[in-house]
Amino acid sequence: LERRVFDRALAERAVRSGAEVRVKTAVTGLVREHGVVCGVIAEWQGRQIEISAQVVIAADGVESRVGSWAGMSTQLSLQDTMTCAQYLLAGIDWDVACLGYWIDEEIAPGGYAWVFPKGEGRANVGLGIQADLADLTALAYLNRFVEQEPALSTGSPVTLVAGNMPVAMPCSPMSAGGLMLVGDAARQVDPLTGGGIANAMTAGRLAAQVAAGALEADDTSARRLAAYQEQVEQAMGRRLMRNYRLRERFPPDQRASRNFVRLFAVAAGGT
């Protein structure tokens, strides 16, 4: 998936449906009335503005600040946090039909490294490391991995993305009066594989449906929006809980074992 193209395409579709996009706009606080969120405070083009909203849907990433401002528990422990770095490498010789995974404590302590080919000698090459186990930064581990892999060492990075990712149980609650969290903000990432795009899209659709129903009923209370968490749990809760328990069952020094690799491959959609 070409994330930059994908995200832009989603934004363009939203605009065609009537949404207004504000680029380079930082949300700095919440607006409340009678304890219910009814908008946000933001910095836009050098000035502070208030944006009213009957329902705020926060997709502001790991350890959501918006959720924290609303009094929700969003902070992660180090063992439930993965630090990730990824290059788009160009100029490599890699089979376009082959995905690569490395589960090795020397390469990526507590996590794994990956190669996702893009064709024409390009691939997304990255890794994730468990925050409390690493001696180096994720980028340092990635550079070492690329240098040591003959098929990758001839390539040149043309883009770099880095950041943290939750590998914890989903937030509970993930909604409050006038507010819902989605994606990384709600910890909807698969704790075994780190995959989160499909889950975020499912949660985004459910949040939109619950928000639409709440607006139609003129009721954005915490009780009304709690239907969102119920639907998310029905859609993915059992699978996320199972994979979190599987991850806990295999401590980092056992994650290169045959059983763990088999479980990981199945969870990642392989065989």
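Okay, so let's go over this structure. (Residues numbered from 1 in each chain as written. Predicted model: local features only at pLDDT ≥ 70, side-chain atom pairs only at ≥ 80, totals over all residues. Heavy atoms only, no water.)

### A look at the overall build of the chain
Convention followed: Strands here are runs of E lasting at least two residues and helices are runs of H or I lasting at least four, both read from the DSSP assignment and numbered beginning at the N terminus. The quantity called the radius of gyration is restricted to C-alpha atoms. Its globule counterpart is 2.2 Å times the number of residues to the power 0.38. Whether a residue is buried, partly exposed or exposed follows from its accessible area with a 1.4 Å probe, protein chains only, as a fraction of its type maximum: under 20%, in between, or over 50%, in that order. We call two residues in contact when some of their heavy atoms are within 4.5 Å. Surface accessibility follows the Shrake-Rupley procedure with a 1.4 Å probe radius. Residue values consider only the protein chains on display as shielding. Neither His nor the chain ends contribute to the count of charged residues, in which Lys and Arg are positive and Asp and Glu negative. Taken as the charge centre is NZ of Lys, CZ of Arg, CG of Asp or CD of Glu, depending on the residue.
Helix and strand content of the chain: 7 helices and 11 strands. A globule of 271 residues ought to have a C-alpha radius of gyration of about 18 Å, and the chain, at 20 Å, matches this closely. In terms of overall dimensions, the chain has C-alpha extents of about 60 × 40 × 30 Å along its principal axes. Relative to its full complement of 271 residues, the chain shows a buried share of 41%. Considering only intrachain contacts with a sequence separation of at least 6, the fraction spanning at least 24 residues in the chain is 61%. Of the roughly 14,900 Å² of accessible surface on the chain, 50% is carried by carbon and sulfur atoms. Side chains of the chain give 26 positive and 29 negative charges; the mean places of these two sets differ by 4 Å.

### Looking at the packing of aromatic side chains
Stated precisely, the cut-off is as follows: The aromatic pairing rule takes the rings of Phe, Tyr and Trp, using the six-membered ring of Trp, and pairs them if the centres are within 6.5 Å, calling planes under 30 degrees apart stacked, those over 60 edge-to-face and the rest tilted.
Following the criterion strictly, the structure yields 6 aromatic pairs and no others. Centroid distance tryptophan 102 to phenylalanine 145: 5.0 Å. Interplanar angle 70 degrees. Geometry classified as edge-to-face. Taken together, the residues span a long stretch of sequence, with tryptophan 102 in strand 6 (residues 100–102) and phenylalanine 145 in helix 3 (residues 138–148) at a distance of 43 residues. Phenylalanine 145 shares its class with tryptophan 102; the two are buried. By way of ring pairs, the aromatic residues Tyr101, Tyr112, Trp114 and Phe116 are connected into one cluster.

### Remarks on the sheet that holds strand 3 (residues 47–52)
Here is the rule we go by: DSSP calls a pair of strands paired once it identifies at least 2 bridges connecting them. Angles here are taken between N-to-C directions and fall from 0 to 180 degrees, while the axes themselves are lines fitted to C-alpha atoms, restricted in helices to the stretch in contact.
Within the open sheet, the 3 strands sit side by side as 1-2-3. Their pairing is antiparallel. Strand pairing shows two members of the sheet lacking a second neighbour, strand 1 (25–33) and strand 3, which therefore form its edges. Along the sheet, successive strands turn relative to each other by an average axial angle of 30 degrees, direction set aside.

### Some words on a nonpolar patch on the surface
Counted only if it meets this: Patch building starts from residues that exceed 30% relative accessible area and form no salt bridge, then joins like charges within 9 Å and nonpolar side chains (Val, Leu, Ile, Met, Phe, Trp, Tyr) within 5 Å. Only one rule defines a salt bridge in this text: a Lys or Arg side-chain nitrogen within 4 Å of an Asp or Glu carboxyl oxygen.
Together, Leu1, Ile197 and Met201 make up a nonpolar patch on the protein surface, roughly 280 Å² of accessible area in all. Among the secondary structure elements, isoleucine 197 is positioned in helix 5 (residues 197–217).

### Some points on the sheet that holds strand 4 (residues 56–58)
Pairing is mixed across the open sheet formed by 3 strands, whose spatial order is 4-11-10. A strand with exactly one partner marks an edge of an open sheet, and here the two such strands are strand 4 and strand 10 (175–176).

### Brief notes about the pattern of salt bridges
Summed over all chains, the structure comprises 6 salt bridges. Close ionic contact of arginine 22 with glutamate 20 constitutes a salt bridge, the shortest N to O distance being 2.7 Å. Residue arginine 22 is classed as partly exposed on the basis of its relative accessible area of 33%. For arginine 247, the salt bridge goes to aspartate 80, with nearest N and O atoms at 3.7 Å. One end of the pair, arginine 247, is in helix 6 (residues 222–249); the other, aspartate 80, is in the loop between helix 2 (65–69) and strand 5 (81–90), with 167 residues separating them in the sequence. The residues arginine 247 and aspartate 80 share a single accessibility class, namely buried. One salt-bridge network, held together by shared partners, links Asp80, Arg247 and Glu248.

### What to know about the environment of glutamine 209
By the secondary structure assignment, glutamine 209 is in helix 5. For glutamine 209, a relative accessible area of 44% translates into the label partly exposed. Distance from glutamine 209 to tryptophan 44, taken between C-alpha atoms, is 29 Å for residues 165 residues apart in sequence.

### With respect to the side chain of glutamine 229
Note the cut-off: Pairs of N or O atoms within 3.5 Å make up the polar contacts considered here, provided that, within protein, one atom can donate a hydrogen while the other can accept it, and that residues adjacent in sequence are counted only when both atoms are side-chain atoms.
Following the sequence through the fold, glutamine 229 ends up in helix 6. Of the residues examined, glutamine 229 reaches a relative accessible area of 10% and is grouped as buried. Only 3.2 Å separates the side chain of glutamine 229 from the side chain of serine 172, close enough to count as a polar contact. Residue contacts for glutamine 229: discarding those within four places in its chain leaves Cys171, Ser172, Pro173, Met174 and Ser175.

### Quick word on the side chain of arginine 187
Examined against the element boundaries, arginine 187 turns out to sit in the loop between strand 11 (179–181) and helix 5. Here arginine 187 sits buried without a salt bridge, and the closest side chain of opposite charge, aspartate 80, lies 6.4 Å off (N-O distance). From its side chain, arginine 187 meets the backbone oxygen of serine 73 in a polar contact 3.5 Å long. Excluding anything up to four places from it in sequence, arginine 187 contacts Ser73, Thr74, Gln75, Leu76, Pro166, Ala168, Met169, Pro170 and Cys171.

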